[in-house]
Structure formats: C-alpha cells, structure tokens
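Okay, here's what each chain looks like letter by letter:
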Amino acid sequence: LRGAVACAFGCPFEGEVPVDAALRIVDAYATLGIDRLTLGDTTGMATPPTVTKLVRAVADHFPSMTTALHFHNTRGVGLANVVVGLELGIREFESSIAGLGGCPFAPGATGNGPGPCST
C-alpha cells in the first residue's frame, strides 16, 4: 500500500507545513503497515531547502519506508526539486505529460504549467 501526504511542502490555507506535522501523518501510515509514501507538492510550493528538510526527516524517522515525490513546476523549481530528491536517494517521481492535470480545490494553485516535472 502507498500513502500520500498532500500539501506536504506548503498549504494554501495554512502556509508553511511544519516537518513535524507531515511526520505525524507518515507515522499514522506506518502504524497501518504502509511502507510506500508519496510526499506531494500539491500546489507547487516546494523549494530545494524544504524538500531536503522533509525528505531527510522522513528517512531518519522511517528508514524502511520507500518515498516518492510529486512536484509541480508552478514557480519554475520543479526540476531543481527533482535533482535534490535524486541527490537524497529518491528514485520514484510522479509527473505528467505537457503540463496536464491541475489542482482545482486549492486557492492560488495555477495548475500545471508547461515544463519538466509538472504533475
């Protein structure tokens, strides 16, 4: 089974998401026996420093969990976030073709602009 944490790097309603808040969700998944995780950048708010911080925290607290990353290229840093993920050992990424998709329920989400790593 795979669990996903939407808005793991930032929330359009609450702003910055503390690492501890994301870890509480991951802990609940681990308690259920889920060993595959997707950290979602649902609204394109992730940056290389926030990716580094959260991915390292998940790896430290849940070393046996396989983590994937879901990025948008809303602010033009989708590819940079992927590179950081690769450097941290992540090998699974979610993407789309030609910027298809979107997040209709999140205020301020511009959807998936064209470019690499749009989801």
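Everything below is about the structure printed above this text.
Residues numbered from 1 in each chain as written. Predicted model: local features only at pLDDT ≥ 70, side-chain atom pairs only at ≥ 80, totals over all residues. Heavy atoms only, no water.

Further remarks concern the pattern of salt bridges. Taken as a whole, this structure holds two salt bridges when the rule is applied. For the salt bridge of Glu 92 with Arg 2, the shortest nitrogen-to-oxygen distance reads 2.6 Å. With Glu 92 in strand 4 (residues 92-94) and Arg 2 in strand 1 (residues 2-5), the pair connects residues that are 90 residues apart, well separated along the chain. Since its relative accessible area comes to 25%, Glu 92 is described here as partly exposed. The closest approach of N and O atoms between Glu 92 and Arg 36, which form a salt bridge, is 2.6 Å. Of this pair, Glu 92 sits in strand 4 while Arg 36 sits in strand 2 (residues 36-40), and the two are 56 residues apart along the sequence. Each of Arg 2, Arg 36 and Glu 92 takes part in salt bridges that share partners, so that together they form one network. (Salt bridge = Lys/Arg side-chain N within 4 Å of Asp/Glu carboxyl O. Helix = DSSP H or I, 4+ residues; strand = E, 2+ residues; numbered from the N terminus. Buried < 20%, exposed > 50% of the residue type's maximum accessible area, 1.4 Å probe, protein only.)

Let us look at the packing of aromatic side chains. The description of an aromatic ring pair uses the distance of the two centres, along with the angle that the planes make with each other. Across all of its chains, the model carries one aromatic pair by this definition. Taken together, a centroid distance of 6.0 Å and an interplanar angle of 40 degrees make the contact between Phe 9 and Phe 71 tilted. Residue Phe 9 is found in the loop between strand 1 and helix 1 (19-31), and its partner Phe 71 is found in the loop between strand 3 (66-70) and helix 3 (78-87); the two are separated by 62 residues along the sequence. (Phe/Tyr/Trp six-rings, centres within 6.5 Å; stacked < 30°, edge-to-face > 60°.)

A few words on the sheet that holds strand 2. Taken in spatial order, the four strands of this open sheet run 1-2-3-4, and their pairing is parallel. What marks the edges here is a single partner per strand, and that holds for strand 1 and strand 4. Adjacent strand axes in the sheet meet at a mean angle of 25 degrees, parallel and antiparallel pairs treated alike. Bridge analysis of strand 1 against strand 2 gives four bridges, and the strand direction is parallel. Within strand 2, the residue paired with Gly 3 across the bridge is Leu 37. Contacting strand 2 and strand 3, helix 2 (residues 48-61) runs over the sheet at an angle of about 160 degrees to strand 2. (Pairing = 2+ DSSP bridges. Axes fitted to C-alpha atoms, helices over the stretch in contact; angles between N-to-C directions. Contact = heavy atoms within 4.5 Å.)

Remark: helix 2 packs on helix 3, axes separated minimally by 9 Å, with the N-to-C direction vectors making an angle of 30 degrees. Taken together, the axes of helix 2 and helix 3 lie roughly parallel to each other. Between helix 2 and helix 3 lies a crossing whose hand is right-handed. Counted together, Pro 48, Val 51 and Thr 52 of helix 2 and Ala 80, Asn 81 and Val 84 of helix 3 form the full contact between these two elements. Considered class by class, the residues forming the contact of helix 2 with helix 3 number four nonpolar, two polar and no charged. (Parallel < 35°, antiparallel > 145°, perpendicular 65-115°, else oblique. Left-handed = near helix turned anticlockwise from the far one by under 90°. Nonpolar A, V, L, I, M, F, W, Y, C, P; charged D, E, K, R; others polar.)

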